[in-house]
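Architecture at a glance
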Amino acid sequence: MYWINLALTKMGFWITWALVPIVVEIIPAIMSTIKLMRLHRHMPRLKAPAKWPWVTIIVPVYNSEDTLFDCIRSIDHQTYDKKACKLFWRIKVNP
């Protein structure tokens, strides 16, 4: 009986040690995820505004010709209204 009681008390400690993170972190995270999914499903679709504000995007570049094309392409492929975006080039070469 002593060995059974000792095993259960030791296992009880480890079971409690394993269950505390599940109860404190995992279950609330799952509940919050379900709540956010429900809210997202029932959100009304927003209409685009009649007039889009102008946006300025400044991309400082120095020795990054490998990623410059990807940067410009990502700016061009964004979902903002194309009429409200303008791309200006200012090339300065230091000899």
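Overview of the structure. (Residues numbered from 1 in each chain as written. Predicted model: local features only at pLDDT ≥ 70, side-chain atom pairs only at ≥ 80, totals over all residues. Heavy atoms only, no water.)

Looking only at helices and strands, the protein has two helices and zero strands in total. Here the C-alpha atoms of the protein give a radius of gyration of 28 Å, more than 25% beyond the 12 Å that 2.2 N^0.38 yields for 95 residues. Along the three orthogonal principal directions, the C-alpha set of the protein runs to about 85 × 45 × 15 Å. When burial is assessed residue by residue, the protein has 2% of its 95 residues classed as buried. For the protein, the accessible surface area stands at approximately 10000 Å², while carbon and sulfur atoms represent 67% of it. For the protein, the distance from the average position of its 13 positive side-chain charges to the average position of its 6 negative side-chain charges is 14 Å. (Helix = DSSP H or I, 4+ residues; strand = E, 2+ residues; numbered from the N terminus. Rg over C-alpha atoms; globule rule 2.2 N^0.38 Å. Buried < 20%, exposed > 50% of the residue type's maximum accessible area, 1.4 Å probe, protein only. Areas by Shrake-Rupley, 256 points an atom, 1.4 Å probe, with all protein chains shown as cover. Lys, Arg positive; Asp, Glu negative; His and termini not counted. Charge placed at Lys NZ, Arg CZ, Asp CG, Glu CD.)

The next point concerns the environment of I27. With respect to the element layout, I27 can be found in helix α1 (residues 2-41). A sequence separation of 22 residues divides I27 from P49, and the C-alpha atoms of the two residues are 40 Å apart.

Given a rise of 1.5 Å per residue, 40 residues ought to cover 58 Å, and the 56 Å separating the end C-alpha atoms of α1 matches this to within 8%. Where α1 bends most, the angle comes to about 35°, and this point is V23. (Expected span 1.5 Å × (residues − 1). Bend = angle between axes of the 7 residues up to and from the residue.)

What follows is about a nonpolar patch on the surface. A contiguous nonpolar surface patch, about 1100 Å² in accessible area, is contributed by M11, I15, L19, V20, I22, V23, V24, I26, I27, I30, M31 and I34. Relative to the helices and strands, I26 resides in helix α1. (Patch = residues over 30% accessible without salt bridge, like charges linked within 9 Å, V, L, I, M, F, W, Y side chains within 5 Å. Salt bridge = Lys/Arg side-chain N within 4 Å of Asp/Glu carboxyl O.)

To continue, consider the pattern of salt bridges. All chains considered together, the criterion is met by one salt bridge. Two residues, D70 and R73, come together in a salt bridge whose shortest N-O distance is 2.4 Å. Residue D70 and its partner R73 are located together in helix α2 (residues 65-76), separated by three residues, close to a single helical turn. The partly exposed category is assigned to D70, whose relative accessible area is 39%. In this structure R73 comes out as partly exposed when scored by relative accessible area, which is 38%.

Bringing the environment of W54 into the picture now. Within the fold, W54 resides in the loop between α1 and α2. Each C-alpha atom, one on W54 and one on K86, is 8.9 Å from the other, the two residues being 32 residues apart in sequence. Non-local contacts of W54, meaning those with residues more than four positions away in its chain, are made with K83, A84, C85 and K86. (Contact = heavy atoms within 4.5 Å.)

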